[in-house]
Amino acid sequence: MKIPVLGRNVLLYDGECPFCSSVSRYYAMKTAFPGLEIISLRDAESLRPLKIPKDVNFNLGMILIQSDGTLLQAAEAFQAINERLPLETLKECLLFGLNSKKWIARLSYPLVYAARAITLKSRRIPLDLPRVDLPNDGR
């Protein structure tokens with residue numbers, strides 16, 4: 001899917017999840033993508049200008065919008081970011097290098113997403129990510 005955000009690399013994640021936030025900060029620090037912008041899926045003000053199509057379900061996982069407008073979600077986004085990371089330590093190779101392979105990302109992303117659910121439940125934070133970037137009437 002393509003959206004009109006040409007020239008920008010944007011990672012959308014659950015800003016209330018400490019695990020997601022930590023991984024997102026790591027990605028930014030490692031500059032996996034030039035000028036990577038990281039935005040919480042709970043931040044309506046920052047999401048609205050992106051004009052994400054209504055049919056994109058925020059509850060399916062992280063979203064990566066690449067500079068050509070391509071939108072990737074969940075395991076595809078996870079894999080695309082991980083394959084671009086500079087891997088400098090054994091820990092980075094194990095945590096991120098393995099997930100740069102499509103088949104591994106497809107197997108591991110559900111575990112990452114489950115860790116998010118456990119973390120949020122333990123902190124009594126709602127799991128649901130409503131489309132805060134859309135008006136309440138769904139237009």
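Refer to the structure above for everything that follows.
The model shown is predicted, which means the values in this text are computed figures rather than measured ones.

**Regarding the pattern of salt bridges**
Link 1 in the chain: A complete count under the given rule lists 5 salt bridges for this structure.
Link 2 in the chain: With a closest N to O distance of 2.6 Å, Asp 14 and Arg 42 form a salt bridge. Note that Asp 14 is positioned in the loop between strand E1 (10-13) and helix H1 (18-30) and Arg 42 in the loop between strand E2 (37-40) and helix H2 (44-47), a separation of 28 residues in sequence.
Link 3 in the chain: Look at Asp 14 and you get buried, because its relative accessible area is 3%.
Link 4 in the chain: Its salt-bridge partner being Glu 45, residue Arg 48 comes within 3.9 Å of it at the nearest N-O pair.
Link 5 in the chain: Owing to a relative accessible area of 42%, Arg 48 belongs among the partly exposed residues under this scheme.
Link 6 in the chain: Of the residues examined, Glu 45 reaches a relative accessible area of 63% and is grouped as exposed.
Link 7 in the chain: By sharing partners, the salt bridges in this structure join Asp 14, Arg 42 and Arg 116 into a single network.

**Description of unusual backbone geometry**
Link 1 in the chain: Backbone geometry places Ala 74, a non-glycine residue, at a positive phi of 60°.
Link 2 in the chain: The phi dihedral of Arg 124 falls on the positive side, at around 55°, and the residue is not glycine.
Link 3 in the chain: Turning to its location among the elements, Arg 124 is positioned in the segment after helix H5 (102-122).

The rules behind the values
- Residues numbered from 1 in each chain as written.
- Predicted model: local features only at pLDDT ≥ 70, side-chain atom pairs only at ≥ 80, totals over all residues.
- Heavy atoms only, no water.
- Salt bridge = Lys/Arg side-chain N within 4 Å of Asp/Glu carboxyl O.
- Helix = DSSP H or I, 4+ residues; strand = E, 2+ residues; numbered from the N terminus.
- Buried < 20%, exposed > 50% of the residue type's maximum accessible area, 1.4 Å probe, protein only.

Coordinates in, geometry out; function isn't part of it.
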